[in-house]
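Overview (structure and organization)
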Amino acid sequence: MSDQPLTGAEIELALSDLPGWTHERDHLVGTWTFDGHLQALAAATGVGLLSERRNHHADLTINYDKLTVSVTTHSAGSKVSAKDTDLAAAVSALLD
């Protein structure tokens, strides 16, 4: 999968298939709310395992019952690439 940066139009098109995700400061960002802290922690573990299998790692932030996932491609100059849209889709499939 290419790590070339996507254009703004390509990112917007990808976001149309990624409900709940936004494009913020050269990252794709999604946030989920769970029933409590342990559920958010379990979800973060799932995302971590998914990221590891893809060798493309997301930044994860847990705030009690919320998990925020942020992805960018460092080898693309810390811009959004197809690696990020692919990981975002996989995370959504796991958590939605």
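Our structure's up above, just so we're on the same page.
A quick note: this is a predicted structure, and the numbers were derived from the prediction, not measured.

Procedures and definitions
Residues numbered from 1 in each chain as written. Predicted model: local features only at pLDDT ≥ 70, side-chain atom pairs only at ≥ 80, totals over all residues. Heavy atoms only, no water. Helix = DSSP H or I, 4+ residues; strand = E, 2+ residues; numbered from the N terminus. Rg over C-alpha atoms; globule rule 2.2 N^0.38 Å. Buried < 20%, exposed > 50% of the residue type's maximum accessible area, 1.4 Å probe, protein only. Contact = heavy atoms within 4.5 Å. Areas by Shrake-Rupley, 256 points an atom, 1.4 Å probe, with all protein chains shown as cover. Lys, Arg positive; Asp, Glu negative; His and termini not counted. Charge placed at Lys NZ, Arg CZ, Asp CG, Glu CD. Expected span 1.5 Å × (residues − 1). Arc of directions from axis to C-beta.

Observations concerning the overall build of the protein chain
If you tally the helices and strands in the protein chain, you get three helices and four strands. Seen in sequence order, the protein chain has helices and strands lined up from the N terminus as α-β-β-α-β-β-α. Its C-alpha atoms give the protein chain a radius of gyration of 13 Å, within 12% of the compact-globule value 12 Å for 96 residues. Oriented by its inertia axes, the alpha-carbon framework of the protein chain measures out at about 35 × 25 × 20 Å. Taken over 96 residues, the protein chain has a buried fraction of 39%. In the protein chain, of all internal contacts separated by at least 6 residues, the share reaching a separation of at least 24 is 64%. With the model as given, the accessible surface of the protein chain reaches about 5,500 Å², and the carbon-plus-sulfur share is 53%. In the protein chain, which carries 6 positive and 13 negative side-chain charges, the distance between the mean positions of the two groups comes to 4 Å.

Topic: helix H2 (residues 37-54)
Helix length check: H2, at 18 residues, gives a terminal C-alpha distance of 26 Å against a target of 26 Å (1.5 Å per residue), a fit within 8%. Restricting attention to buried positions, one finds in H2 the residues Ala 40, Ala 43, Ala 44, Val 47, Leu 50 and Ser 51. Seen along its axis, H2 keeps its buried residues to an arc of 120°; they face one direction. Across from the buried face of H2, at angles greater than 90 degrees, the exposed residues are Leu 38, Leu 49, Glu 52 and Arg 53. Packed against the buried residues of H2 are strand S3 (59-63), strand S4 (66-71) and helix H3 (82-95). Residue Asn 55 follows H2 closely and has a positive phi angle near 50°.

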